[in-house]
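# A look at the structure
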Amino acid sequence: MGPPDILFYVFAIATLVFGALVVANPFSRNPVTSAMFLVLTIISMAGLFVLLHAFFLAAVQVVVYAGAVMVLFLFVIMLLDLKEEDQRKIKKTGLVAGLVSVGAIVAIFIRSLLASAPSRDLAAPQLEGSTFALGKLLFTDYLLPFEIVSILLLVAMVGVILLSKKDLK
Amino acid sequence: MNVGLEHYLVVSALLFALGLFGVITRRNLLVLYMSLELMLNSANLALVSFSRFNDNLNGQVMVFFIITVAAAEVAVGLALIVALYRKRRSAHVEDLTSMKL
């Protein structure tokens, strides 16, 4: 077991523990704590991306998710000023439904993983998700989707401005 | 035991399950939204690991697009939550049961 394998376990456990603290923090039901743990989840997941040699995506993950998206979340949390949310109880029926459906989906995942062919021990993969390789692909094969996504971002921007106007008609 | 594709897929599956659990049990609209992000991220992790172990970069381009669309989706969704909060003074799903504003 080399250093990358140890790092995998470190980042995997960090991702899962922080992810669990996002959805069910025993100490605080405050959305701000959830948001901060989501940032930590995303950063440890960027570590996993680095271990998978997806360097560009790891950077994008940190910059876009941990940076832009989470700042947006925190802005909205501060804007809404949710005080009485902490006192609400979690319903028993919701908890049971959640546990049952999560158990079902985990069972499906594990069964399908066990049913799939065991990984042939290939030689170490050579793929490098560098900015150069990804950018080349993005501007050749994926040029049209890339342009469409830019239009999508424009539409989203206009929509957000319209939605956040004071007198929503 | 060397870390292979399965290890990453197990992490991804567990993270997806955590996100689903949050979506079903939590009642705060914002935490619900964060759980959705968790699920999207688990799909990203699965795509990147498949891409790595199949020596194919297309999966990573897909993840790039997913991150872009997720950013747009978060912006629109949060604007909707803010607009809803202005009308109803609540960001709690149990208070938001009627369609009419």
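Residues numbered from 1 in each chain as written. Chains lettered and ligands numbered in written order. Predicted model: local features only at pLDDT ≥ 70, side-chain atom pairs only at ≥ 80, totals over all residues. Heavy atoms only, no water.

### Quick look at the overall build of chain B
Our working rule: Strands are runs of DSSP state E lasting at least two residues, helices are runs of H or I lasting at least four, and both sets are numbered from the N terminus onward. As a reference, a globule follows 2.2 Å times the number of residues to the power 0.38, and the radius of gyration itself is taken over C-alpha atoms. Relative accessibility under 20% of the residue-type maximum defines a buried residue, over 50% an exposed one, and the middle range a partly exposed one, all with a 1.4 Å probe and only protein chains included. The criterion used for residue contact is that any of the two residues' heavy atoms lie within 4.5 Å. Every accessible area reported is derived by Shrake-Rupley at a probe size of 1.4 Å, with residue values counting cover from the shown protein chains alone. Under the counting rule used here, the positive set is Lys and Arg, the negative set is Asp and Glu, and His together with the chain ends is not counted. Think of each charge as sitting on NZ of Lys, CZ of Arg, CG of Asp or CD of Glu.
If you tally the helices and strands in chain B, you get three helices and zero strands. Scaling as 2.2 N^0.38, a compact globule of 101 residues should have a C-alpha radius of gyration of about 13 Å, whereas chain B reaches 17 Å, well beyond that. Here the C-alpha coordinates of chain B stretch approximately 55 × 25 × 15 Å along the principal axes. Split into buried and exposed, the 101 residues of chain B put 61% on the buried side. A separation of at least 24 residues holds for 51% of the contacts in chain B among residues at least 6 apart in sequence. Total accessible area on chain B is roughly 3900 Å²; 67% of this is exposed by carbon and sulfur atoms. For chain B, the distance from the average site of its 8 positive side-chain charges to the average site of its 6 negative ones is 17 Å.

### Some details on the packing of helix α3 (residues 55-80) of chain A against helix α2 (residues 29-53) of chain B
Using the following cut-off: Throughout, an axis means a line fitted to C-alpha atoms (over the contacting stretch in the case of helices), and angles, computed between N-to-C directions, take values from 0 to 180 degrees. Our angle categories are set so that under 35 degrees counts as roughly parallel, over 145 as roughly antiparallel, 65 to 115 as roughly perpendicular, and the remainder as oblique. Note on residue classes: Ala, Val, Leu, Ile, Met, Phe, Trp, Tyr, Cys and Pro are nonpolar, Asp, Glu, Lys and Arg are charged, and everything else, Gly too, is polar.
It is at 12 Å that the axes of α3 of chain A and α2 of chain B come closest, and there the two elements cross at 175°. Here α3 of chain A lies roughly antiparallel to α2 of chain B, going by the angle between them. Contacts between α3 of chain A and α2 of chain B involve L57, Q61, Y65, F73, V76, I77 and L80 of chain A from the first element and L30, Y33, M34, E37, L40, N41, N44 and V48 of chain B from the second. In the contact of α3 of chain A with α2 of chain B, the residues fall into 11 nonpolar, three polar and one charged.

### Here we look at the domain arrangement of chain A
Where we set the bar: Source of the domain bounds: an automatic or database domain assignment.
Assigned domains of chain A: these are domain 1 (1-88), domain 2 (91-119) and domain 3 (133-169). Placing a centre on the C-alpha atoms of domain 1 of chain A and another on those of domain 2 of chain A gives a separation of 22 Å.

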